[in-house]
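Residue-level structure breakdown
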Amino acid sequence: MGWTFVRQTRDQLIRELIAPQASERACCEVIDHTLDGDVLWTVVRVTARQAGVMGLAAGESVCYIGCHLLESSGGDWGYKSLDESVHPYYYSCPLRYLDMAPVQSPEWRERVHRFHAGRAV
């Protein structure tokens, strides 16, 4: 997936990325977010309105960890959205987020732990 650029300020873009979203199939709600430089970390709860969304039955929910890369170009702000399942090569995800979502990439989580252990030294 590529980058999406919009004519918004950085703050407006962040507000848009963390705003609740709903469709006929599912509702998505950011239940926690953290900004680390130009990386926006999120924990998103997806609640299926219809069976089959992310393997859920209607009414069931699951959480995942999101990683949104932010960048400015020519006065516009852009983003690239990733999630844990694609092993983003960014590891500053808050440790508490790891307890908020099921494991999708054990290797990525190990790198997150090593990143934070290195910060503590």
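Summarised in this report is the structure supplied together with it. All values derive from a computational prediction rather than experimental measurement.

1. As for the overall build of the protein chain
- What the protein chain contains, in helices and strands, is two helices and six strands.
- N-terminal to C-terminal, the α/β element order of the protein chain is β-α-β-β-β-β-β-α.
- Scaling as 2.2 N^0.38, a compact globule of 121 residues should have a C-alpha radius of gyration of about 14 Å, and the protein chain matches this with 15 Å.
- Dimensions along the principal axes, computed over C-alpha positions, put the protein chain at roughly 45 × 40 × 20 Å.
- Taken over 121 residues, the protein chain has a buried fraction of 36%.
- The contacts in the protein chain between residues at least 6 apart in sequence include a share of 46% that link residues at least 24 apart.
- Of the roughly 7,000 Å² of accessible surface on the protein chain, 50% is carried by carbon and sulfur atoms.

2. Looking at the sheet that holds strand β1 (residues 4–6)
- One open sheet accounts for six strands, arranged β1-β6-β5-β4-β3-β2; its pairing is antiparallel. A single partner strand is all that each edge strand has here, and the edge strands are β1 and β2 (21–22).
- Pairing of strand β3 (residues 26–36) with strand β4 (residues 39–48), which is carried by 10 bridges, proceeds in the antiparallel orientation. Residue pairing across strands places Val30 opposite Val44, the latter belonging to β4.

Reading the values: rules and limits
Residues numbered from 1 in each chain as written. Predicted model: local features only at pLDDT ≥ 70, side-chain atom pairs only at ≥ 80, totals over all residues. Heavy atoms only, no water. Helix = DSSP H or I, 4+ residues; strand = E, 2+ residues; numbered from the N terminus. Rg over C-alpha atoms; globule rule 2.2 N^0.38 Å. Buried < 20%, exposed > 50% of the residue type's maximum accessible area, 1.4 Å probe, protein only. Contact = heavy atoms within 4.5 Å. Areas by Shrake-Rupley, 256 points an atom, 1.4 Å probe, with all protein chains shown as cover. Pairing = 2+ DSSP bridges.

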